[in-house]
Amino acid sequence: MPKQKSTQKPVEELTYEEAMAELESIVEALESDQNPLEEAMKLFERGQALVKKCGAALESAQLKIQKLAGDSLIPFEEESE
Amino acid sequence: MQPNLFSSTLTVSQLTFHIRKLLENDAQLQDVWVSGEISNLSKPNSGHIYFTLKDKNASLRCVMWRTDAARLRINLQDGMAIEAHGKIAVYEPQGQYQLVANQIQAKGEGALYQEFLRLKSMLEAEGLFNPESKREIPQLPKNIGIVTSQTGAALRDMLNTIRRRLPIAKIILAPSLVQGVDAPPAIIKAIESLNQQSLDVIIIARGGGSIEDLWAFNDERVVRAVANSKTPTISGVGHETDFTLTDFAADLRAATPTAAAELATQTTLDDLQLRITDYESRLITLIFNLVADQKNFLLTLTSRLKYNSPERKIESEYQTLDELARRAFSALTHRIELHKSNVDGISKRLQSLNPEGVLSRGYAIITRKSDGLVVSKISQAKGDLKVRVSDGEFEVKRNS
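Conventions adopted
Residues numbered from 1 in each chain as written. Chains lettered and ligands numbered in written order. Predicted model: local features only at pLDDT ≥ 70, side-chain atom pairs only at ≥ 80, totals over all residues. Heavy atoms only, no water. Helix = DSSP H or I, 4+ residues; strand = E, 2+ residues; numbered from the N terminus. Rg over C-alpha atoms; globule rule 2.2 N^0.38 Å. Buried < 20%, exposed > 50% of the residue type's maximum accessible area, 1.4 Å probe, protein only. Contact = heavy atoms within 4.5 Å. Areas by Shrake-Rupley, 256 points an atom, 1.4 Å probe, with all protein chains shown as cover. Lys, Arg positive; Asp, Glu negative; His and termini not counted. Charge placed at Lys NZ, Arg CZ, Asp CG, Glu CD. Expected span 1.5 Å × (residues − 1). Salt bridge = Lys/Arg side-chain N within 4 Å of Asp/Glu carboxyl O. Buried area = accessible area lost by both parts, 1.4 Å probe. Core = buried A, V, L, I, M, F, W, Y, C linked by side-chain atoms within 4.5 Å. Axes fitted to C-alpha atoms, helices over the stretch in contact; angles between N-to-C directions. Parallel < 35°, antiparallel > 145°, perpendicular 65-115°, else oblique. Left-handed = near helix turned anticlockwise from the far one by under 90°. pLDDT = per-residue confidence, 0-100. Pairing = 2+ DSSP bridges. Phe/Tyr/Trp six-rings, centres within 6.5 Å; stacked < 30°, edge-to-face > 60°.

Student: Describe the overall build of chain B, listing the residues and the values that go with them.
Tutor: Within chain B, the secondary structure is distributed over eleven helices and 13 strands. Taking 400 residues into account, the globule formula puts the C-alpha radius of gyration at 21 Å, and chain B, at 65 Å, lies well above it. Per-residue burial over chain B gives 34% buried out of 400 residues. Pairs at least 24 residues apart make up 59% of the contacts formed inside chain B by residues separated by at least 6 positions. Summed over all atoms, the accessible surface of chain B reaches about 24,900 Å², with 54% contributed by carbon and sulfur. Side chains of chain B give 49 positive and 46 negative charges; the mean places of these two sets differ by 14 Å.

Encoded structure:
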């Protein structure tokens, strides 16, 4: 079970992948362990926030395209059709 | 040579047959490639194909029988430069020799194809195409590299495909020439640059074209660069039917650039949304069950608490007390009864020992009047005696 670390990042600061991974581990922890109710409620609340965060990230996702120019990356402008 | 054959006049048939024998016994003429331009193409309903192959100075009658014609990969047309394979035969009724073709390809294809086969078997022997060295393509790539032409439909198709399927991905494009002599070094540099970018997968792609157009992807240096890529690779070169050596060297071969973009995004946005929905419903179910369990547990505790409450304890003590009192009372009663019956017994026995009782049955007690001694022997009977019977006493005197 993931202990509630004191260093736990606020949900807003997580990347999508981190949020998804933590969500997964919370669900698994809740499924496999007998957590004290209070702790379970905390996990649940964190899980809900992560669900929201991931959902929003997917909603607003916009393909980011960059182009290699020499050794540096520059934005890539797509041709209009 | 049979010199005697010509010693007399031959019929046309004999001569033609002889010529036919000569040509058809020549092993080289029975397995020959010939290149030229098609003219007088004829495709009757029989399914056989007739045409003439020409170059500047000569022409050759050709026929392709129906079964071979059905396997043709290209659509023959007058003026088309081709290479035909077959054997030389003689059509006796017309006195014509002709090529009976069993295989036709566009001109130039043959040499390139031979080179393709040579390179393929060489690199294969080196182990560049080993299936066991193919790596898994990540299911959910964060960063996708693309090597292709900056202009052209292939890039647009791939970007649209990835945008539709997995818009949370990031794309890094390494633009490259994809045909001509400068293409191979450009493709190699693009692959190497992308390998510096810590990507999850690299797509190497080009739209359809002729075998010459796709040739850069059969370049030995390109094939080696693809095989050596640290990042897993997907190839999507040309159309479904085109196979390049790059396809064999890549970790995964896609039929087209669009298919390559699909294979690079095996997990889509829809999958991710479903996954989140699934997690969410699992979370809710879990917490619901947990709360329900806790409620039940609380109920159990409450009833146990009630069961063990002091009130209940006092009631129980009372009951014990009552029980003790009942038992004490009953024990006491019992003992009283016992005593009573003892007393009765003793009183009966006492009764039977009372001498008065004996007197009523006719016995008498004799005492000496002088000193009150009870006379139980003759020697004791002296002087005046008192006789006591049941209802009183009287005096007697011993007279002897």
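After that view of the structure, there is still more to cover.
Student: How would you sum up helix H3 (residues 109–126) of chain B? Please name residues and give values.
Tutor: Residue and element names in this part refer to chain B. In this model, H3 (18 residues) spans 25 Å end to end at C-alpha, consistent with the 26 Å of a helix rising 1.5 Å per residue. Three or more residues of H3 are buried, namely Glu 109, Gly 110, Leu 112, Phe 116, Leu 119, Lys 120 and Leu 123. Looking at the buried side of H3, the elements it contacts are strand S4 (81–91), strand S5 (96–106), helix H6 (220–228) and helix H7 (245–249). Note on H3: the residue one or two positions beyond its end, Gly 127, has a positive phi of about 95 degrees.

Student: Tell me what's going on with the pattern of salt bridges, and back it up with residues and numbers.
Tutor: Charged atoms that come close allow side chains of opposite charge to pair. All names here are of chain B. If you walk through the whole model with that rule in mind, you get 18 salt bridges over all chains. Across the pair Arg 224 and Glu 220 runs a salt bridge whose closest N-O atoms are separated by 3.0 Å. Here the residue Arg 224 and the residue Glu 220 both occupy positions in helix H6, the gap between them amounting to four residues, near one helical turn. Glu 220 sits in the partly exposed class, given a relative accessible area of 29%. In this structure, the salt-bridge partner of Glu 323 is Arg 326, at a minimum N-O distance of 3.1 Å. Taken together, the positions of Glu 323 and Arg 326, both in helix H10 (residues 310–353) and three residues apart, correspond to about one turn of that helix.

Student: Describe the interface of chain B and chain A, listing the residues and the values that go with them.
Tutor: At the interface, 38 residues of chain B touch 34 residues of chain A. Here chain B and chain A share an interface that buries about 3,300 Å² over both sides, 69% of which is from carbon and sulfur atoms. When the buried surface of chain B facing chain A is broken down by residue, Ile 276, Tyr 279 and Leu 283 of chain B rank first, second and third, together holding 19% of it. In this assembly, chain B and chain A are joined by one salt bridge.

Student: Which residues make up the nonpolar core, and what values go with them?
Tutor: Side chains of nonpolar character tend, in soluble globular proteins, to be buried together. The biggest cluster of nonpolar side chains holds 47 residues, and the ones touching the most others in it are Ile 144, Ile 146, Ile 162, Ile 171, Ile 203 and Leu 283 of chain B. No other element matches the eight residues that helix H9 (residues 269–307) of chain B contributes to this core. Here Ile 203 of chain B is in contact with Ile 144, Gly 145, Ile 146, Val 147, Met 158, Ile 162, Ile 234, Ala 260, Ala 261 and Ala 264 of chain B, once residues within four sequence places are set aside. Counting residues in hydrophobic clusters, the runner-up holds 32 residues, among them Leu 68 of chain A together with Ala 183, Ile 204 and Ala 249 of chain B.

Student: Break down the packing of H3 of chain B against H6 of chain B for me, citing the residues and quoting the values.
Tutor: Residues and elements named next belong to chain B. It is at 11 Å that the axes of H3 and H6 come closest, and there the two elements cross at 30 degrees. On the basis of the axis angle, H3 is roughly parallel to H6. Crossing hand, H3 versus H6: right-handed. From H3, Leu 119, Met 122, Leu 123 and Glu 126 reach across to H6, where they touch Glu 220, Val 223 and Arg 224.

Student: Talk me through the confidence of the model for chain A; I want residue IDs and the actual numbers.
Tutor: The pLDDT averaged across chain A works out to 82; a share of 88% of its residues lies at or above 70. Of all the helices and strands in chain A, helix H1 (residues 16–32) of chain A carries the lowest mean pLDDT, 86, while strand S1 (residues 64–69) of chain A carries the highest, 91.

Student: For the sheet that holds strand S12 (residues 384–389) of chain B, give the residues involved together with the corresponding values.
Tutor: Residues and elements named next belong to chain B. The antiparallel open sheet is built from three strands, whose spatial order is S11-S12-S13. Where the open sheet ends on each side, the last strands, each with one partner, are strand S11 (365–368) and strand S13 (392–397). Taken over all neighbouring pairs, the strand axes of this sheet differ in orientation by 25 degrees on average, direction set aside. One ladder, built from four bridges, connects S11 with S12; its direction is antiparallel. Residue pairing for S12: Ile 365 is matched across the bridge by Arg 388.

Student: How would you summarise the packing of aromatic side chains if you had to cite specific residues and measurements?
Tutor: Residues and elements named next belong to chain B. Applying the stated criterion to the full structure yields three aromatic pairs over all chains. When the ring of Tyr 113 is compared with that of Phe 116, the centres are 6.0 Å apart and the planes differ by 10 degrees; the resulting orientation is stacked. A residue pair is termed a helical-turn pair when its members lie 3 or 4 positions apart in one helix, as Tyr 113 and Phe 116 do in helix H3 at three residues. An angle of 35 degrees between the planes, with centres 5.6 Å apart, marks the rings of Phe 129 and Phe 248 as tilted. Separated by 119 residues along the polypeptide, Phe 129 in the loop between H3 and strand S6 (143–148) and Phe 248 in helix H7 bring together distant segments of the chain. Owing to a relative accessible area of 9%, Phe 129 belongs among the buried residues under this scheme. Classification of Phe 248 by relative accessible area gives partly exposed; the value is 25%. One aromatic cluster is present, built from ring pairs that chain together Phe 129, Phe 243 and Phe 248.

Student: Account for the sheet that holds S4 of chain B, with residues named and values stated.
Tutor: Residues and elements named next belong to chain B. Spatially, five strands are ordered S1-S2-S3-S5-S4 in a closed barrel, and the strand pairing comes out mixed. Within the sheet, the average angular offset between the axes of one strand and its neighbour, ignoring direction, is 55 degrees. The sheet contact formed by strand S3 (residues 59–64) and S5 spans two bridges and is parallel. Each bridged residue has a counterpart across the sheet, and for Cys 62 the counterpart in S5 is Leu 99. Against the sheet, helix H1 (residues 12–24) makes contact with S4 and S5, and its axis sits at roughly 135 degrees relative to S4, the strand it touches most. Lying over the sheet, H3 contacts S4 and S5, oriented at roughly 55 degrees with respect to S5.

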